[in-house]
Structures are given as structure tokens and as C-alpha cells.
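# Structure assessment
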Amino acid sequence: MENKYFIEDFHIDVNRDTVFNMLDCFEDSPVYEEVCDAFEERKPWFYAHVRPRAVLAWEPWSKTLRQELDADADTAADRKEAAAAGRTEAADATAGQTEDDAAVGRAVDCGAETGAEADVAAGAPFAGLMYLLMTLGPEVEAESGRCFATGDYLEGMLLDAMADDYLFQMEDKVSEEMRLLCGRIGMGIQKRMEAPQDFPMAFHRRVLQVCGVASLWDMSLSSGDMFAPVKTSCVVFGLTKDVHIFRAQHDCSHCPAVNCKMRAAV
Ligand code: SF4
């Protein structure tokens, strides 16, 4: 089974209340009517230029993943695991072959009996990882940049807020499809993770590689490992073999984004 799943048929209505909340624009704001007009005028342009696409990709757990997610934890945990499990050099070598990066990009069934089984038995945190990349394409943010550059800050902020709301809403549809996909591959979602609080920004490189959309969608990473286009969302999910668990949703109670305007929306 191919280890990637693409979703491109998004039909989302930008939520005006959410957009206005992001802009701190309310009915008693002096610019309220002006923002209402700008919002209605911009909507057709926005829908004509937004290019929503999402991909889900997954791979079995491996020592390589542990190292890339958290090098310090890897060293300590691996020593502890090796001592407890009494791993031999040969066993480690076998695991290393299974976990080789050559696995990236080819079909992998997380439910199959692979070297990942040994890692799970040895106390690996997940049966595998699933990666979600969602993007709106380059045109909306390019237009927003043009607006800011010419001093049209209202239009620029409006476009940014519309894009953020759209991107956020995309996850509702993705979540439905993800639930079905998890059923098909015999996996559940144990944990939702995002950079930088849950894993290093550098892990975005692996996500982009495994998802395989760099040239397909003209996506890249900055020197700080931020995605371009900027209106891109990246989520990593820890997989479990318990298909009844589905903890894919935002968990605002543990999120450090204290100023996130979406807190009320989830
Ligand atoms: S505060 Fe909630 S909605 Fe905002 S990013 Fe964090 S988890 Fe997501």
C-alpha cells in the first residue's frame, strides 16, 4: 500500500466571525463597516487564488526517527533499552537496516511485521509516525505581501487572516479522511505534535522528504526550517496499533500558543 494519501477537493467558506476576531475588529470598532466591505470585496479574489492541498504520509517507528525527534532522549533511552532488552550488536544492525532512510518515500505498511515491531516491544513511544502537510499555495501570501509593501495594511491583514482561517478549517476535512485512512492501515492516533514545542524545527526536513511534495507543490524550507509557502501547516502524529484511539485534535489545554485566536474555535 502506498504510504501517502492526497486530499485536494476542499470547499471551505471563510468564516467572517473568526477572521474579524483575528483582526480584533468588532461591531463597535470605528473601522467595522470598512472591514466588512473589504472582506466581501476580497472573497471572490481569495477563492479564485487559494490553492488548498493536503498530504498524509506515514512510516514505521525507527531508531532514526527517535534520533531526529530528540537526539538527547535517544542516547539516554537507547542505552537504557539496550541494557534492559540485552540487545546484541547483530540485532542492532538488523534494526538499522530496517530503519534506513532508504525506506523513506517507498510504500510502507505500518501494520506490517517489520523491524518497528522490535522497537515497539523495546519501549518505543509510537508504532510509527504520520505526517500532515497542508498548504494554500503561494498566491494569497504574495498578494498579501504586495498589499503591505504598498501601504495597504488592512488588505494585507485581511488576506492573512482569511488564509489562516481557511488553513485551520482544512483540518476538519483532513481529520475525517484521516480517521478512515487510519482504519484502512490498522492504526490509531496516540499523540498530536507540532514544532517547535514537540520536536525540533529541523524535523520538517524529514516531513517534506517523506511527503515528497517539494517539487510537486513547489515547497521548500528556509534556513530556519520554516515552510515556504508560509501558509503551510505541518503536524506530526504518533501512531498506535490501537485503532480505537484517535487523539488527532488540537489540545489547547497543553498548547503554548497563549495568544492563538483559534482557542475559542476548537
Ligand atoms: S491554542 Fe489551540 S487552536 Fe491554537 S494552536 Fe494551540 S492547540 Fe491549536
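Fair warning: this is a prediction, and the values are worked out from it, not measured in the lab. Within any chain, residue numbers begin from 1 and follow the written order of that chain's sequence. For a predicted model such as this one, the threshold for reporting local features is a pLDDT of at least 70, and the threshold for listing and counting side-chain atom pairs is 80 or more; totals across whole chains, interfaces and linings nevertheless cover every residue.

## Considering the sheet that holds strand β7 (residues 232-240)
Should DSSP find at least two bridges between two strands, the strands are regarded as paired. Each helix is a run of H or I in the DSSP string that is no shorter than four residues. Each strand is a run of E no shorter than two, and both are numbered from the N terminus. Taken in spatial order, the 5 strands make up an open sheet running β1-β2-β3-β7-β4, and their pairing is antiparallel. Both edges of this open sheet fall to β1 (4-7) and β4 (188-193), since each of them pairs with a single strand only. Each adjacent strand pair in this sheet contributes to an overall mean axis angle of 20 degrees, direction not counted. One ladder, built from 8 bridges, connects strand β2 (residues 53-60) with strand β3 (residues 128-135); its direction is antiparallel. Bridge pairing in β3 places L56 opposite L132. Along the sheet face, helix α8 (residues 153-185) touches β1, β2, β3, β4 and β7 and points at about 145 degrees away from the line of β3. Here, residues touch in the contact sense if the C-beta positions derived from the backbone fall within 7 Å of one another. The axes are straight lines fitted to the C-alpha atoms, using for helices just the contacting stretch, and the angles between their N-to-C directions are given from 0 to 180°. Most of the contacts of helix α9 (residues 203-211) go to β3, to which it runs at about 85 degrees, and overall it touches β1, β2, β3 and β7.

## Digging into the confidence of the model for the protein
Of the residues in the protein, 79% reach a pLDDT of 70 or more, and the chain-wide mean stands at 85. Each residue gets a pLDDT score, which is the predictor's confidence in that residue and runs from 0 to 100. In the model, residues 74-80 has pLDDT below 50 throughout and makes 2 contacts with residues more than four positions away in sequence or in other chains. Predicted confidence is poor over residues 111-116, with pLDDT under 50, and the contacts of this stretch with residues over four places away or in other chains come to 14 contacts.

## Thoughts on the nonpolar core
In this structure, L129, Y131, L132, L133, V207, C211 and L239 are the most contacted members of the largest nonpolar core, which totals 53 residues. Elements with a contribution of two residues or more to this core: α1 (16-22), α2 (32-49), β2, α3 (63-69), β3, α8, α9 and β7. Ranked by residue count, the leading element in this core is α8, at 12 residues. The nonpolar core criterion groups buried Ala, Val, Leu, Ile, Met, Phe, Trp, Tyr and Cys residues into a set whenever they are joined through C-beta atoms within 7 Å. Counting other C-beta atoms within 10 Å of a residue's own tells you its class, since 20 or more makes it buried, 12 or fewer makes it exposed, and anything in between is partly exposed; those C-beta atoms are placed from the backbone.

## Some thoughts on α9
The element α9 is largely enclosed, with a buried count of 7 among its 9 residues. Here α9 has its buried residues at F203, H204, R206, V207, L208, V210 and C211. One or two positions beyond α9, positive phi appears at G212, with a value near 65 degrees.

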